[in-house]
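Residues per chain are reported as follows:
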Amino acid sequence: MTESIQIAAALTKAAKEIHAPRSLEETLDAIVRAAQSTVPGFDHVGISVSHRDGRIETLAGTDPLVWELDELQYELRQGPCVESIRDEPIVTVEHAENDPRWPAYLPQAVRRGLRAQLGLRLYAEEETLGGLNLYSTESPTIAADALQLAELFATHAAIALGRSRTEHQLTEALGTRKVIGQAIGIVSERFQIDETRAFDYLVRASTTGNVKLRTLAEEVVTTTNDKYRRTGQGG
């Protein structure tokens, strides 16, 4: 089997694993497991998610060392993980002990066993979703086929992550719409006003109290449910 066929076969297998219908958490776990078993020369894999407020958070990893090295980069605001998300889409580190970049990060990482590292940005439709971070504690170099496979794999991982995140956001949105609708009904009944005025009431209360509309709606629904439960128990 030629090298290109081997890469295609490995990628096809990985794609099947990460594109299977599953929750966001399960998708993240599938991505790191598939990357660990597919990309040669790396011992540990993690996946980071980039938040809108600039925070970077590790949500899945194959070993505690992943969280340790990821967190170290976030705290120091430097390293391949951070740079791949914010600056260069692909960042490689070979012979980590001799690399002069990121002087606050690499010496500490080397003491923890790091020998080589690869960071790849995960993005869809020009939106950065996060990063795929691969760590080697055995080999100090990164083979050309490993880099090629990692790039192809990151594309599939980004699609899977983007799809799963969209579904997750949709579920959250549906939940928000439902609880706000319940709160509108309660306010409408309580003050004998129509739904439009009830919604306006909630918006004003949310703004005045500096509370998110969903949070306020949840409080209204919870308080009302508790009241009826107590009334039922008392009867």
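Residues numbered from 1 in each chain as written. Predicted model: local features only at pLDDT ≥ 70, side-chain atom pairs only at ≥ 80, totals over all residues. Heavy atoms only, no water.

Enquirer: Could you give an account of the pattern of salt bridges, naming the residues involved and the relevant values?
Expert: Using the criterion set out here, one finds three salt bridges in the structure. Between R55 and D53 there is a salt bridge, with the nearest N and O atoms lying 2.9 Å from each other. With relative accessibility at 54%, the residue D53 sits in the exposed group. With its nearest N and O atoms 2.6 Å apart, the salt bridge here joins D99 to R101. For D99, a relative accessible area of 13% gives the class buried. With a relative accessible area of 35%, R101 lands in the partly exposed category. (Salt bridge = Lys/Arg side-chain N within 4 Å of Asp/Glu carboxyl O. Buried < 20%, exposed > 50% of the residue type's maximum accessible area, 1.4 Å probe, protein only.)

Enquirer: I'd love a proper account of the sheet that holds strand β4 (residues 116–124), names of residues and values included.
Expert: Overall, antiparallel pairing links the five strands, which are arranged β2-β1-β5-β4-β3 in an open sheet. Sheet topology places β2 (56–61) and β3 (90–93) at the edges, where each strand pairs with a single neighbour. Across the sheet, the axes of successive neighbouring strands diverge by a mean angle of 20 degrees, strand direction being ignored. Examined bridge by bridge, β4 and strand β5 (residues 127–136) share nine bridges and lie antiparallel to one another. By the bridge assignment for β5, Y123 is matched with T128. Contacting β1 (44–50), β2 and β5, helix α2 (residues 24–38) runs over the sheet at an angle of about 145 degrees to β1. Taken strand by strand, helix α3 (residues 64–76) contacts β1, β2, β4 and β5, and its axis lies near 170 degrees from that of β2. (Pairing = 2+ DSSP bridges. Helix = DSSP H or I, 4+ residues; strand = E, 2+ residues; numbered from the N terminus. Axes fitted to C-alpha atoms, helices over the stretch in contact; angles between N-to-C directions. Contact = heavy atoms within 4.5 Å.)

Enquirer: Tell me about the side chain of N133, and name the residues and values.
Expert: Among the secondary structure elements, N133 is positioned in strand β5. Within the structure, the side chain of N133 is placed 2.9 Å from the side chain of S48, a separation counted as a polar contact. Not counting residues up to four positions away in its chain, the partners in contact with N133 are H44, V45, G46, S48, D70, C81, L118 and G119. (Polar contact = N/O pair within 3.5 Å; in protein donor to acceptor, adjacent residues only side chain to side chain.)

Enquirer: Give me the lowdown on the confidence of the model for the chain, citing residues and values where you can.
Expert: On average, residues of the chain carry a pLDDT of 82, and 84% of them reach 70 or more. The secondary structure element of the chain with the lowest average pLDDT is helix α1 (residues 3–18), at 61, and the one with the highest is helix α5 (residues 106–111), at 95. (pLDDT = per-residue confidence, 0-100.)

Enquirer: A description of the environment of A116 should follow, citing residues and the corresponding values.
Expert: Structurally, A116 is set in strand β4. On the basis of relative accessible area, A116 is assigned to the buried category, the value being 0%. Sequence-wise, A116 and F42 are 74 residues apart; in three dimensions their C-alpha atoms are separated by 8.3 Å. Apart from residues no more than four positions distant in its own chain, A116 is found in contact with V93, E94, L134, Y135, S136, S139, P140, T141 and I142.

Enquirer: Let's hear about the packing of aromatic side chains: which residues, and what values?
Expert: Within this structure, the stated rule accounts for one aromatic pair. Considering the side-chain rings of F191 and Y201, the 5.2 Å spacing of their centres and the 45 degrees angle between planes classify their relative orientation as tilted. With F191 in helix α6 (residues 144–191) and Y201 in helix α7 (residues 195–208), this residue pair connects regions lying ten residues apart in the sequence. Look at F191 and you get partly exposed, because its relative accessible area is 41%. For Y201, a relative accessible area of 35% puts it in the partly exposed group. (Phe/Tyr/Trp six-rings, centres within 6.5 Å; stacked < 30°, edge-to-face > 60°.)

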